[in-house]
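# Coordinate inspection notes
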Amino acid sequence: DKKTLYNRIARVDGKIFYDLGDDKQAIEIDSEGWRLSDECPVRFHRFKHQLPQVVPISGGDWREVLKYVNLRAPQSRLLFLTYIPAVLIPDIPRAILVCAGLQGSAKSTAMRVARSLIDPSSAELASPARDLIELGQTANHNYCLYLDNMSPLNDELSDALCRLVTGIGF
């Protein structure tokens, strides 16, 4: 019997399962909402850098996350707020979070906030890969890969990142 190992998030039988990384519970999401599950039907592969996620609580205001990022333009704030839940849908192409601005404008902070909400890790931000093999290896070990200090971005790396987010791979 072959079992698929998932990295942090899986969609199985019309439900999405989010691994809290605590070996006890996962979050089960369906059309009714979300709930903590003690019996997750999927297996998750965990890498050493991955950290457990805090157990969520109901209620609150999702927009409070904006207190922790330096986004002033309403369009940028809306994009950030829609980026986070979209990334939690495991089997769709997703947007690449691109943070641009002057030195000291908290670009890395915005990526760290997103990372902590989606795929907490002791390796919050990665350096650009030296080659495509290293990029593939790093991407395979992260549900979401956040690369810091990416300028300039050459065509080969740009194309590889596009293949990663659309699921085409290498």
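Described below are features of the structure shown in this document. (Residues numbered from 1 in each chain as written. Predicted model: local features only at pLDDT ≥ 70, side-chain atom pairs only at ≥ 80, totals over all residues. Heavy atoms only, no water.)

Here the focus is the environment of G59. Along the chain, G59 falls in the loop between β6 (43-44) and α1 (74-87). The exposure class assigned to G59 is exposed, which follows from its relative accessible area of 65%. In the structure, G59 is positioned 25 residues away from I84 in sequence and 17 Å away in space, judged by C-alpha atoms. (Helix = DSSP H or I, 4+ residues; strand = E, 2+ residues; numbered from the N terminus. Buried < 20%, exposed > 50% of the residue type's maximum accessible area, 1.4 Å probe, protein only.)

This part covers the sheet that holds strand β3 (residues 15-19). Strand order in the open sheet formed by four strands is β2-β3-β4-β5, and the pairing between neighbours is antiparallel. Only two strands of the sheet have a single neighbouring strand rather than two, namely β2 (9-12) and β5 (33-37). Geometrically, the sheet is characterised by an average inter-axis angle of 25 degrees between neighbouring strands, direction not taken into account. Of the pairings in the sheet, the one linking β2 to β3 comprises four bridges and is antiparallel in character. Paired with A10 across the bridge in β3 is F17. (Pairing = 2+ DSSP bridges. Axes fitted to C-alpha atoms, helices over the stretch in contact; angles between N-to-C directions.)

The next point concerns unusual backbone geometry. Non-glycine residue R8 carries a positive phi angle of around 75 degrees. Mapping R8 onto the fold places it in the loop between β1 (5-6) and β2. Given a relative accessible area of 2%, R8 falls into the buried group.

The subject of this paragraph is the pairing of β3. Taking burial as the measure, the five residues of β3 include four buried ones, the bulk of the element. Taking the residues that link successive antiparallel strands as the turn, the β2-β3 hairpin has two residues, and the phi of D13 there is positive, at about 50 degrees. The pairing of β3 with strand β4 (residues 26-30) spans four bridges and is classified as antiparallel. Bridging across to β4, F17 finds its partner in E28.

The next point concerns the environment of S121. Along the chain, the position of S121 falls in the loop between α2 (107-118) and α3 (132-140). Spatially, the C-alpha atom of S121 lies 21 Å from that of L36, the residues being 85 residues apart in sequence. If we skip the residues at most four places from it in the chain, S121 touches H49, Q50, L51 and R115. Within polar-contact distance, the side chain of S121 engages the side chain of R115 at 3.3 Å. (Contact = heavy atoms within 4.5 Å. Polar contact = N/O pair within 3.5 Å; in protein donor to acceptor, adjacent residues only side chain to side chain.)

With that settled, the discussion passes to the state of the cysteines. Enumeration over the complete set of coordinates arrives at zero disulfides. No disulfide involves C144; its sulfur sits 13 Å from the nearest other cysteine sulfur, which is in C99. C144 gets classed as buried once you look at its relative accessible area, which sits at 5%. (Disulfide = S-S within 2.5 Å.)

Moving on, we get to α2. Here α2 is 12 residues long and its end C-alpha atoms lie 17 Å apart, about the 16 Å a rise of 1.5 Å per residue gives. Of the surrounding secondary structure, the elements contacted by the buried residues of α2 are β3 and α1. (Expected span 1.5 Å × (residues − 1).)

Read these as layout, nothing more, since geometry by itself doesn't imply function.
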